[in-house]
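Residues per chain are reported as follows:
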Amino acid sequence: MKVNVAVVGATGLVGSMMLKVLSEENFPIDNLYLFSSKKSAGKKIEYCGKEYTVEELKEDSFEGRNIKIALFSAGGAVSEKFAPIAAKAGVIVVDNSSAFRMDPEVPLVVPEINPEDIKMNKGIIANPNCSTIQSVLPLKPIHDKYKIKRVIYSTYQSVSGSGIKGISDLEEGTQLAYKYPIKNNCIPQIDVFLDNGYSKEEMKMINETKKILHDDSILVTATTVRVPVKFSHSISINVEVEKPFEVEDVKKIIGDYPGMVLQDDLANEVYPMPLMAADKNEVFVGRIRRDFTVENGLNLWSCADNIRKGAATNAVQIAEKVLEV
Ligand code: 11C
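These figures come from a predicted structure and were not determined experimentally.

Trainee: What should I look at first to understand the sheet that holds strand β12 (residues 260-262) in this one?
Mentor: Pairing between the strands of a sheet comes from backbone hydrogen bonds, and it takes one of two forms, parallel or antiparallel. Taken together, six strands build an open sheet; the order of strands is β10-β9-β11-β14-β13-β12 and the sheet is mixed. The open sheet has two free edges, formed respectively by β10 (219-223) and β12, since each of these has just one partner strand. The mean angle between the axes of side-by-side strands here comes to 25°, regardless of whether they run parallel or antiparallel. Here β12 runs beside strand β13 (residues 283-291); their pairing, made up of three bridges, is parallel. Paired with Val261 across the two strands is Phe284, which belongs to β13. Lying on the sheet, helix α3 (residues 130-146) is in contact with β9 (148-156), β11 (233-241), β12, β13 and β14 (297-304); it crosses β11 at an angle near 25°.

Trainee: For this particular structure, what's the right way to read the UniProt feature "domain: Semialdehyde dehydrogenase NAD-binding" (unreviewed entry) in the protein chain?
Mentor: Annotation from UniProt places "domain: Semialdehyde dehydrogenase NAD-binding" (unreviewed entry) at residues 4-121. Between the end C-alpha atoms of residues 4-121 there is a gap of 19 Å, over a span that is 21% helix and 28% strand.

Trainee: Would you mind going over the nonpolar core with me for this structure?
Mentor: Nonpolar side chains tend toward joint burial in soluble globular proteins. Formed by 56 residues in total, the largest nonpolar core has its most connected members in Phe62, Phe72 and Tyr153. It is α3 that contributes the most residues to this core, six residues altogether. Of the residues that make up this core, three or more belong to each of domain 1 (3-127 + 311-324) and domain 2 (131-304). Counting 33 residues, the second largest nonpolar core, distinct from the first, contains Met18, Leu32, Tyr47 and Tyr52.

Trainee: Help me out: how do you make sense of helix α1 (residues 13-24) in this one?
Mentor: Since the α-helix turns once every 3.6 residues, residues separated by three or four places project in the same direction. Given a rise of 1.5 Å per residue, 12 residues ought to cover 16 Å, and the 17 Å separating the end C-alpha atoms of α1 matches this to within 8%. Among the residues of α1, Val14, Gly15, Met17, Met18, Leu19, Val21 and Leu22 are the ones counted as buried.

Trainee: Just checking my understanding: could you explain the site of the ligand for this structure?
Mentor: In the region of the ligand, the neighbouring residues are Asn96, Arg101, Asn129, Cys130, Gln157, Gly161, Ile190, Glu201, Lys204, Arg226 and His233. The side chain of Arg101 places a nitrogen or oxygen atom 2.7 Å from an oxygen atom of the ligand. Tallied by class, residues from the shell around the ligand come to two nonpolar, five polar and four charged.

Trainee: Please explain unusual backbone geometry as it appears in this structure.
Mentor: It is generally the case that most residues other than glycine have a negative phi and that most peptide bonds are trans. Located in the positive-phi region is Asn66, a residue other than glycine, with phi close to 50°. Note that Asn66 resides in the loop between β5 (55-56) and β6 (67-72). A relative accessible area of 67% places Asn66 in the exposed class.

Trainee: What should I look at first to understand the domain arrangement of the protein chain in this one?
Mentor: For the protein chain, the domain assignment lists domain 1 (3-127 + 311-324) and domain 2 (131-304). Each of domain 1 and domain 2 has a C-alpha centre, and the two are 26 Å apart. Tallying the contact residues gives 19 residues for domain 1 and 20 residues for domain 2. Where domain 1 abuts domain 2, roughly 1600 Å² becomes buried across the two surfaces, and 65% of that area is made up of carbon and sulfur atoms. Area buried by domain 1 at its contact with domain 2 is led by Leu13, Glu112 and Ile113, which between them contribute 37% of it. Counting across the domain 1 and domain 2 interface gives one salt bridge. Taking the shortest distance from any N to any O, the salt bridge between Glu208 and Arg101 comes out at 3.1 Å. Taken together, domain 1 and domain 2 are joined by seven residue pairs in polar contact (both at pLDDT 80 or more).

Rules used in this analysis
Residues numbered from 1 in each chain as written. Predicted model: local features only at pLDDT ≥ 70, side-chain atom pairs only at ≥ 80, totals over all residues. Heavy atoms only, no water. Pairing = 2+ DSSP bridges. Helix = DSSP H or I, 4+ residues; strand = E, 2+ residues; numbered from the N terminus. Axes fitted to C-alpha atoms, helices over the stretch in contact; angles between N-to-C directions. Contact = heavy atoms within 4.5 Å. UniProt positions renumbered as here; feature names shortened; annotations may be inferred. Core = buried A, V, L, I, M, F, W, Y, C linked by side-chain atoms within 4.5 Å. Buried < 20%, exposed > 50% of the residue type's maximum accessible area, 1.4 Å probe, protein only. Domains from an automatic or database assignment. Expected span 1.5 Å × (residues − 1). Near = heavy atom within 4 Å. Polar contact = N/O pair within 3.5 Å; in protein donor to acceptor, adjacent residues only side chain to side chain. Nonpolar A, V, L, I, M, F, W, Y, C, P; charged D, E, K, R; others polar. Buried area = accessible area lost by both parts, 1.4 Å probe. Salt bridge = Lys/Arg side-chain N within 4 Å of Asp/Glu carboxyl O.

Structure, rendered in structure tokens:
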């Protein structure tokens, strides 16, 4: 059955990728509606050989159009205002912003991990932060089998996480997205700092991990860093589990899990890298090895395209699940 679909923020980096992934997935679209701010309204966008005009998002944009699903990626303020309006009009919103992620009434979904949470939606489903998605995927089979006690994230995040301005800072040296030059540099600040000394990005990773894995007992800490890479985030993940494990088994359960590709062949110097993960929908995991400093410790390395699996692909996969339930 074909449905009417809207993309809010259609002219942005993630919005454009949402359209690309929708077409790659042959998403069953009847009518497509594209929305943006007033500034970008009127732009023409081609989708599957047909030209669409981007409309300015207004309070009545969702009325009388029988829109089944709206993918939102226009920032937190737009989501805060318009996602409830859309939900009230009967639309199911898949929201890529952080506005509703920690709302107990809103499911936070990685389709390979907790698709059943979609059923409890009241009109809004949240798409997690990009760094969280590619971290919780390898953690899920480990947690199911060995029960995770503690996680330490150290991230190496690409400039595309800051949108077009981040790419411009790397390629043109503009300093629109960051206070400091990003070329030849690493910036240990992603988003604003909070009173507890952590950045907002670090707290997103900490809180979203527990919510997606349905386990508040897991201890999580994070350091998030911007690096001069265009696409794909990389995360070093240190894990401590309750039960003894064999490294080979951890490799197997990660390789067997949907949505992930195991790249771990030291003899041939094979491991995930952002350059190779870019423009792919999967999460690539490797460098899986024992952490000898604690009883049941493990180190691993995850790379994924932050605009695809970290944002657009995960949102479209949620939308596909919505049609299934
Ligand atoms: C970054 N992770 O790389 C951020 C971008 O909460 O969805 C995505 C922010 C979010 O800068």
